[in-house]
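One-letter residues, chain by chain:
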Amino acid sequence: MRKTTVVAAAVAGAALLAGAAVSAPIAFAGAGTPPAALASARQALPAGDGWASDTTGTTGGALADADHVFTVRTRDELAAAVAGDTPKIVFVSGGIDANAGHTCADYADPAYSLDAFLAAYDPAVWGRATKPTGPLEDARARSAKNQGARVNIKVGGNTTIVGLGGSKITGANLLVEKVDNVILRNLRLEDAHDCFPSWDPTDGALGNWNSLYDTVTVTGSTHVWADHNNFSDGNNTDETQPLYFGRPYQVHDGALDVIRASDLVTISWNNFFDHDKTMLIGSSNTVGADVGKLRVTIHHNRFANVGQRVPRVRFGQVDVYSNYFYATDEDSYSYSWGVGVYASLYAENNFLLRSADIPLSSVVYDWRGTAPGTITEVGTATRIGTGPVSAVSLVDEYNAGHEPDLTAGTWVPTLRAAAPDPATAVPALVSAKAGAGKLGF
């Protein structure tokens, strides 16, 4: 069978599973692809560049043959092209909207309406002791399943996905699940919104709305490199959502989460902005499969006006160095470094630009649960606005106002391609080079 026929059949199958119209066959990357993009797509993670370079390293689809180099322009083409574990390179061209042709109303089960849901599970009616159950909650779950069939796009192993200039993926949850060897580069990823957030009155003192989709979820996977991407909520930020039951109707979850015994991940030169729950590493306090896993390197990223989880860590050995933290929106800011159960976080030469209304003691948070984690901090610098730069220990600032103290660990990172840049050099360096569009195409 001709290759174009095979690809067309794969597209058709993916479309039918998602309940969508069948799109045209995937176009092969040809002479129109910029040479710099082709070179980047063939690039493996350099040796020593963080945890994803450990053991076998991370090559993605660098070894793909000519029949497995694709350019995609629609949701269905993307889903078909990234499936399976054959080495492949997938170029994203133009704007891909995972919800194209669909609204939240299209996904809604006939038995679901938000007004009815709010009336049934109002804490004044339902109470706060138990999570919602019953026909309306079941209808909400069916509605969420309908949307999930469309927006969840499973990425196979041995894959490199590269965004071409001007491209953007909106509304999708790229799901890197139980695979090895994936590279994501130069992608603009926006607004993986959940049409049907769940209500949990037992979550915290006042309850919370919780959404289902991350922009990228790394779950049960190994050797993943995310490099020079943009992550944001676009124009649909959570702060613009209404309040229901007195709590924000949060329609986004993580920007890039690493969970469920994932391991050997490097997150470099990305731009995260205008998002709340940014990066969760480890999703459970339960001692089990996560022990000895969740090893992640985070370097030379820009985190601009993100609310929390930058990152929040459980179990893993996580190296956070030469990152630029930009926190000037005190209304949406919660904390940056979250130290959870058995975490081992090493933070070196990071720079924090902040508003005077954000106290230094709020940047670190202790999520110790049943067992304390550790955090080692070296060489942090900070400034307020355009004021003077000063050295600071964010851990000491936290400990001065909280009991018990957070303590330093014994683990010292070694997988660094070069020594961390001085914290004072980080803002200019990262602003100039981090994010999509900075690779020369």
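Residues numbered from 1 in each chain as written. Predicted model: local features only at pLDDT ≥ 70, side-chain atom pairs only at ≥ 80, totals over all residues. Heavy atoms only, no water.

With respect to the overall build of the protein chain
Item 1. Regarding its fold elements, the protein chain presents 9 helices and 33 strands.
Item 2. Expressed along its principal axes, the backbone C-alpha trace of the protein chain runs to roughly 70 × 60 × 45 Å.
Item 3. Within the span of the protein chain, comprising 441 residues, buried residues form 55% of the whole.
Item 4. The contacts of the protein chain with a sequence gap of at least 6 include a subset with a gap of at least 24, amounting to 75%.
Item 5. Split by element, the accessible area of the protein chain, about 17100 Å² in all, is 55% carbon and sulfur.
Item 6. The averaged location of the 45 negative side-chain charges in the protein chain is 6 Å from the averaged location of its 32 positive side-chain charges. (Helix = DSSP H or I, 4+ residues; strand = E, 2+ residues; numbered from the N terminus. Buried < 20%, exposed > 50% of the residue type's maximum accessible area, 1.4 Å probe, protein only. Contact = heavy atoms within 4.5 Å. Areas by Shrake-Rupley, 256 points an atom, 1.4 Å probe, with all protein chains shown as cover. Lys, Arg positive; Asp, Glu negative; His and termini not counted. Charge placed at Lys NZ, Arg CZ, Asp CG, Glu CD.)

Here's the deal with the side chain of Ser-40
Item 1. With respect to the element layout, Ser-40 can be found in helix α2 (residues 35–41).
Item 2. Discounting chain neighbours no more than four positions away, the residues touching Ser-40 are Arg-185, Leu-439 and Phe-441.

What about empty space enclosed by the protein?
Item 1. For the structure shown, the criterion picks out 1 cavity of 30 Å³ or more.
Item 2. Considered as a void within the structure, the largest cavity measures approximately 40 Å³ in volume.
Item 3. Lining the largest cavity are Phe-303, Val-306, Val-310, Phe-325, Tyr-326, Ala-327, Tyr-333, Ser-336 and Leu-352.
Item 4. Those elements that provide at least two residues to the lining of the largest cavity are β23 (302–308) and β26 (324–327).
Item 5. The leading source of residues in the lining of the largest cavity is β26, at 3 residues.
Item 6. Across the lining of the largest cavity, the residue classes break down as 8 nonpolar, 1 polar and no charged. (1 Å grid on protein atoms, 1.4 Å probe; cavity = no way out; pocket = protein on both sides within 12 Å on 5 of 7 lines; lining within 4 Å. Points joined across faces, edges and corners; volume = space filled by probe spheres on them. Nonpolar A, V, L, I, M, F, W, Y, C, P; charged D, E, K, R; others polar.)

Some points on the nonpolar core
Item 1. In terms of nonpolar packing, the biggest core is built from 83 residues, with Leu-78, Leu-256, Val-258, Ile-267, Phe-272, Ile-281 and Ile-298 touching the most fellow members.
Item 2. Those residues within four positions of Ile-267 in sequence are excluded, and the remaining contacts are Ala-226, Leu-256, Val-258, Phe-272, Met-279, Val-296, Thr-297, Ile-298, His-299 and Asn-301. (Core = buried A, V, L, I, M, F, W, Y, C linked by side-chain atoms within 4.5 Å.)

What about the sheet that holds strand β32 (residues 381–384)?
Item 1. With respect to topology, 10 strands assemble into an open sheet ordered β4-β7-β10-β15-β20-β23-β26-β29-β32-β33, the strand pairing being mixed. Edge positions in the sheet fall to β4 (95–97) and β33 (390–391), since each has one partner strand and no second.
Item 2. Bridge analysis of β4 against strand β7 (residues 168–170) gives 3 bridges, and the strand direction is parallel. Among the inter-strand pairings, Gly-95 is bridged to a residue of β7, identified as Lys-168.
Item 3. On the sheet, helix α9 (residues 426–433) packs against β23, β26 and β29 (351–354) and is oriented at approximately 90° with respect to β26. (Pairing = 2+ DSSP bridges. Axes fitted to C-alpha atoms, helices over the stretch in contact; angles between N-to-C directions.)

A look at a negative patch on the surface
Item 1. The grouping of Glu-239, Asp-274, Glu-330, Asp-331 and Asp-357 at the surface amounts to a negative patch.
Item 2. With respect to the helices and strands, Glu-330 occurs in the loop between β26 and β27 (337–340).
Item 3. Taking the relative accessible area as the measure of exposure, Glu-330 reaches 34% and is therefore partly exposed. (Patch = residues over 30% accessible without salt bridge, like charges linked within 9 Å, V, L, I, M, F, W, Y side chains within 5 Å. Salt bridge = Lys/Arg side-chain N within 4 Å of Asp/Glu carboxyl O.)

A word on the state of the cysteines
Item 1. Tallying each qualifying case throughout the model produces 1 disulfide.
Item 2. Bridging Cys-104 to Cys-195, the disulfide has an S-S length of 2.0 Å. For the disulfide bridge between Cys-104 and Cys-195, the dihedral angle about the S-S bond is near -70°, and by the sign convention the bridge is left-handed. Linking Cys-104 in helix α4 (residues 104–107) with Cys-195 in the loop between β10 (188–190) and β11 (198–200), this pair joins segments that are 91 residues apart in sequence.
Item 3. Taking relative accessible area as the criterion, Cys-195 reaches 11% and is therefore assigned buried. (Disulfide = S-S within 2.5 Å.)

Overview of the pattern of salt bridges
Item 1. Applying the stated criterion to the full structure yields 12 salt bridges.
Item 2. Between Asp-319 and Arg-416 there is a salt bridge, and its shortest N-O distance comes to 2.8 Å. Of this pair, Asp-319 sits in strand β25 (residues 317–321) while Arg-416 sits in the loop between α8 (394–401) and α9, placing them 97 residues apart in sequence.
Item 3. By relative accessible area, which is 17% here, Arg-416 ends up buried.
Item 4. Taken together, the salt bridges that share partners define one network made up of Arg-75, Asp-76 and Arg-150.

Regarding the packing of helix α5 (residues 114–121) against helix α7 (residues 135–151)
Two measures define how a pair of helices packs: the angle their axes make with one another and the distance between the axes.
Item 1. Axis separation between α5 and α7 bottoms out at 10 Å; the angle between their running directions is 140°. In terms of orientation, α5 and α7 fall into the oblique class. The chirality of how α5 crosses α7 is left-handed. Within the contact between the two elements, α5 uses Ala-116, Phe-117, Ala-120 and Tyr-121 and α7 uses Leu-136, Glu-137 and Arg-140. (Parallel < 35°, antiparallel > 145°, perpendicular 65-115°, else oblique. Left-handed = near helix turned anticlockwise from the far one by under 90°.)

Re a nonpolar patch on the surface
Item 1. Nonpolar side chains collect at one region of the surface, where Val-287, Val-291 and Tyr-342 lie side by side and expose about 290 Å² of accessible area between them.
Item 2. Structurally, the position occupied by Val-291 is in the loop between β21 (280–281) and β22 (296–299).
Item 3. The partly exposed category is assigned to Val-291, whose relative accessible area is 47%.

Considering the pairing of strand β18 (residues 256–259)
Item 1. Across the two faces of β18 the burial is the same, with Leu-256 and Val-258 and Asp-257 and Ile-259 all buried.
Item 2. Of the strand pairs in this sheet, strand β13 (residues 216–219) and β18 are connected by 4 bridges, and their pairing is parallel. Paired with Thr-217 across the strands is Asp-257, a residue of β18.

Some words on the packing of aromatic side chains
Item 1. The full count for this structure, using the stated rule, is 23 aromatic pairs.
Item 2. Ring geometry for Tyr-112 versus Phe-196: centroids 5.5 Å apart, planes at 85°, classification edge-to-face. Residue Tyr-112 is located in the loop between α4 and α5, and its partner Phe-196 is located in the loop between β10 and β11; the two are separated by 84 residues in the primary sequence. In terms of burial, Tyr-112 and Phe-196 fall into one category: buried.
Item 3. Counting every residue linked through ring pairs, the aromatic cluster contains Tyr-112, Phe-117, Tyr-121, Trp-126, Phe-196, Trp-199, Trp-209, Tyr-244, Phe-245 and Tyr-249. (Phe/Tyr/Trp six-rings, centres within 6.5 Å; stacked < 30°, edge-to-face > 60°.)

From the geometry alone we can't say anything about function, so treat these as descriptive.
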